[in-house]
Amino acid sequence: MGSQLPYAADAESPLKPEELQVLRSQYEKEGEHVGIQTKFNFAWGLIKSNARNDQQEGVRLLSDIFRTSPERRRECLYYLALGNFKLGNYAESRRYNDLLLDKEPNNLQADSLRGLIDDKVAKEGLMGVAILSGVAIAAGVVGGMIFKGMGNRKR
């Protein structure tokens, strides 16, 4: 996926495990009184990860910041969009990305991500149509065989 995000290369390169551990340690050290910046930094590191569990936790933390700290929403939008994209939650990704583009229409990262979201949705939509078509054809064949079998019994 890294080569697909020319304006988001930083987000696509995961931190080294020891770098993520520094962020995790700081987050855990602050405990229930964790600062918003510490939480954001840790969430950012998690979103950059290639591990799905880390990405999910990063999205959860950013969603919490987005919900509880209106003054920090703008800086959460891109990483919420990116995290949801990496998790395959394209509708959520598009929602956050569109909010960012409404505020910053010339944001190259968000514009690039919009193209990727559209491509994934189109590909998966076509794949879904192909799968449904295959299921419909199989059901038609099976139904035809059953119907033919019933016709043969009556004779």
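Residues numbered from 1 in each chain as written. Predicted model: local features only at pLDDT ≥ 70, side-chain atom pairs only at ≥ 80, totals over all residues. Heavy atoms only, no water.

The name given to the protein chain in an unreviewed UniProt entry is Mitochondrial fission 1 protein, with the source organism recorded as Glarea lozoyensis. According to UniProt, the comment filed for the protein chain under the heading Function (unreviewed entry) is "Has a role in mitochondrial fission. Has a role in outer membrane fission but not matrix separation." Per UniProt, the comment on the protein chain under Subcellular location (unreviewed entry) is "Mitochondrion outer membrane". (UniProt positions renumbered as here; feature names shortened; annotations may be inferred.)

K.L.:
Explain helix H3 (residues 36-48) to me, please; I cannot follow it from the model alone.
P.N.:
Across its 13 residues, H3 extends 18 Å between first and last C-alpha, which sits within 8% of the 18 Å expected from 1.5 Å per residue. Three or more residues of H3 are buried, namely Thr38, Lys39, Phe40, Phe42, Ala43, Gly45, Leu46, Ile47 and Lys48. (Helix = DSSP H or I, 4+ residues; strand = E, 2+ residues; numbered from the N terminus. Expected span 1.5 Å × (residues − 1). Buried < 20%, exposed > 50% of the residue type's maximum accessible area, 1.4 Å probe, protein only.)

K.L.:
Would you mind showing me how to read the packing of helix H5 (residues 73-87) against helix H6 (residues 90-103) here?
P.N.:
In helix packing, the relevant descriptors are the interaxial angle and the interaxial distance, both defined with respect to the helix axes. Close contact between H5 and H6 brings their axes to 8 Å; oriented N to C, the two are set at 150°. As far as their axial angle goes, H6 and H5 are roughly antiparallel. As H5 packs across H6, the resulting crossing turns out to be left-handed. Contacts between H5 and H6 pair Arg74, Leu77, Tyr78, Leu80, Ala81, Asn84 and Phe85 from the former with Tyr90, Glu92, Ser93, Tyr96, Asn97, Leu99, Leu100 and Lys103 from the latter. Of the residues contributing to the contact of H5 with H6, the split by class is nine nonpolar, three polar and three charged. (Axes fitted to C-alpha atoms, helices over the stretch in contact; angles between N-to-C directions. Parallel < 35°, antiparallel > 145°, perpendicular 65-115°, else oblique. Left-handed = near helix turned anticlockwise from the far one by under 90°. Contact = heavy atoms within 4.5 Å. Nonpolar A, V, L, I, M, F, W, Y, C, P; charged D, E, K, R; others polar.)

K.L.:
Would you take a moment to explain the nonpolar core for this structure?
P.N.:
Across soluble globular proteins, nonpolar side chains show a tendency to be buried alongside one another. Residues Phe42, Leu62, Cys76, Tyr79, Leu80 and Leu113 are the most contacted members of the largest nonpolar core, which totals 31 residues. If you tally residues by element for this core, the top one is H5, at nine residues. (Core = buried A, V, L, I, M, F, W, Y, C linked by side-chain atoms within 4.5 Å.)

K.L.:
Can you walk me through the pattern of salt bridges in this structure?
P.N.:
Inspection of every chain in the model, using the stated rule, returns eight salt bridges. Measuring nitrogen to oxygen at the nearest pair gives 2.2 Å for the salt bridge that ties Glu75 to Arg72. Glu92 is the partner of Arg95 in a salt bridge, and the nearest nitrogen-oxygen pair spans 3.1 Å. Taken together, the residues span about one helical turn, with Arg95 and Glu92 both in helix H6 at a distance of three residues. Residue classification places Glu92 among the partly exposed positions, given a relative accessible area of 31%. What emerges from the salt-bridge pattern is a single network uniting Lys39, Asp64 and Arg67. (Salt bridge = Lys/Arg side-chain N within 4 Å of Asp/Glu carboxyl O.)

K.L.:
I'm lost on the packing of aromatic side chains in this one. Help?
P.N.:
When we look at a pair of aromatic rings, we describe it by the centre distance and by the angle of the planes. Evaluated as defined, the whole model comprises five aromatic pairs. Measuring from ring centre to ring centre gives 5.5 Å for Phe66 and Tyr96, while their planes differ by 85°; the resulting arrangement is edge-to-face. Of this pair, Phe66 sits in helix H4 (residues 52-68) while Tyr96 sits in helix H6, placing them 30 residues apart in sequence. Taken together, the ring pairs connect Phe40, Tyr78 and Tyr79 into an aromatic cluster. (Phe/Tyr/Trp six-rings, centres within 6.5 Å; stacked < 30°, edge-to-face > 60°.)

K.L.:
What am I meant to see in the packing of H4 against H5 here?
P.N.:
For the pair H4 and H5, the least separation of the axes is 9 Å and the interaxial angle reads 150°. If you check the angle between H4 and H5, you find them roughly antiparallel. Here H4 runs over H5; the crossing is left-handed. For the pair formed by H4 and H5, the contact residues are Arg52, Gln55, Gln56, Val59, Leu62, Ser63, Ile65, Phe66 and Arg67 on the first element and Arg73, Cys76, Leu77, Tyr79, Leu80, Gly83, Asn84, Lys86 and Leu87 on the second. Split by residue class, the contact of H4 with H5 holds nine nonpolar, five polar and four charged.

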